[in-house]
Amino acid sequence: MRKTIYVSFALSLLLVGCNSETKKPTHEVKPSDDTVIEETADVPTSLPEREPTKDVVLSVEGEDSTITMHLVEGSGALYSLYIDPERYTFETSEKEDKLTPIAKMPTDYPEVHMTFLYLEDQTPESVKEDVKQEYRMPLEEQTISAPVHALSLHGTAGEKSDSEVVTIYIIEVKGGTLLIKENYFLEAQEGHGARFEQMLETLEVRK
């Protein structure tokens, strides 16, 4: 009897020892407020490096001439091209960029110029439809690769020397569309018209 009590007492001590084992508290690990989350910033695209001047052979009215062209950059560094600084000026503005002849044009003739306009978040197709609403003359549409890769619209208001001529280039660029408009009169097609085309051949657009 006494032996049984001793055995029971020993078992009780053993159980108490097991249950009294120190338990380590479990702590919830929370992220520190100071944890730095690295974000990959968008690397801004830029225009390719180009020389400030460039000698270009222009063919106008059947004659070739070498012109030292000057590099100009459009608003927002969206594009650049070389222009003939002896015959044209180039101005940028919030509304549109504009290339105009230095020599005065006849006041009773259509204006001569080439404009550049960036239309953010607009597709070439939607821009084309809007442009067609601006002109009463029929516009011939085609996809071209020269002088630029673009959707082209071309129209002439008549067959007289002072008839307005319009050539429009619609170029898809990052985030929208670049709209280029050439405006001159029929008599100037072999002069200003040809020069506009050859200057556009030097166009570089930011990708």
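Keep in mind that what you see is a predicted model, and the values were worked out from it rather than measured.

Further remarks concern unusual backbone geometry. For residues besides glycine, phi is generally negative; the peptide bonds are generally trans as well. Residue Pro147 is reached from Ala146 by a cis peptide bond, and omega for that bond is 5 degrees. Located in the positive-phi region is Glu61, a residue other than glycine, with phi close to 55 degrees. On the secondary structure map, Glu61 appears in the loop between strand S1 (53-60) and strand S2 (63-73). In this structure, Ala77 is a non-glycine residue whose phi angle is positive, near 50 degrees. By secondary structure assignment, the location of Ala77 is in the loop between S2 and strand S3 (79-83).

A few words on the sheet that holds S2. The strand order across the open sheet formed by four strands is S1-S2-S3-S11, and the pairing between neighbours is antiparallel. At either margin of the open sheet sits one strand with a lone partner, and together these are S1 and strand S11 (204-205). Here S2 pairs with S3 via four bridges, running antiparallel. When the sheet's bridge partners are listed, Glu73 is paired in S3 with Ser80. Packed onto the sheet, helix H3 (residues 189-200) meets S1, S2 and S3 and runs at close to 140 degrees relative to S1.

Attention now goes to the sheet that holds strand S5 (residues 97-101). Taken in spatial order, the seven strands make up an open sheet running S4-S5-S6-S10-S9-S8-S7, and their pairing is antiparallel. Both outer strands of the open sheet, strand S4 (88-91) and strand S7 (140-144), are each paired with one neighbouring strand and no more. Within the sheet, the average angular offset between the axes of one strand and its neighbour, ignoring direction, is 15 degrees. On top of the sheet, helix H2 (residues 124-132) reaches strand S6 (113-120), S7, strand S8 (150-156), strand S9 (164-173) and strand S10 (176-185); it is set at about 160 degrees to S9, its chief contact.

Quick look at the nonpolar core now. Nonpolar side chains in soluble globular proteins tend to end up buried together. In this structure, Tyr79, Leu81 and Ile180 are the most contacted members of the largest nonpolar core, which totals 34 residues. Where this core is concerned, the elements lending two or more residues are S1, S2, S3, S4, S6, S9, S10 and H3. Formed by twelve residues, the second largest nonpolar core is a distinct cluster that contains Leu119, Val131, Tyr135 and Met137.

About the cut-offs
Residues numbered from 1 in each chain as written. Predicted model: local features only at pLDDT ≥ 70, side-chain atom pairs only at ≥ 80, totals over all residues. Heavy atoms only, no water. Helix = DSSP H or I, 4+ residues; strand = E, 2+ residues; numbered from the N terminus. Pairing = 2+ DSSP bridges. Contact = heavy atoms within 4.5 Å. Axes fitted to C-alpha atoms, helices over the stretch in contact; angles between N-to-C directions. Core = buried A, V, L, I, M, F, W, Y, C linked by side-chain atoms within 4.5 Å. Buried < 20%, exposed > 50% of the residue type's maximum accessible area, 1.4 Å probe, protein only.

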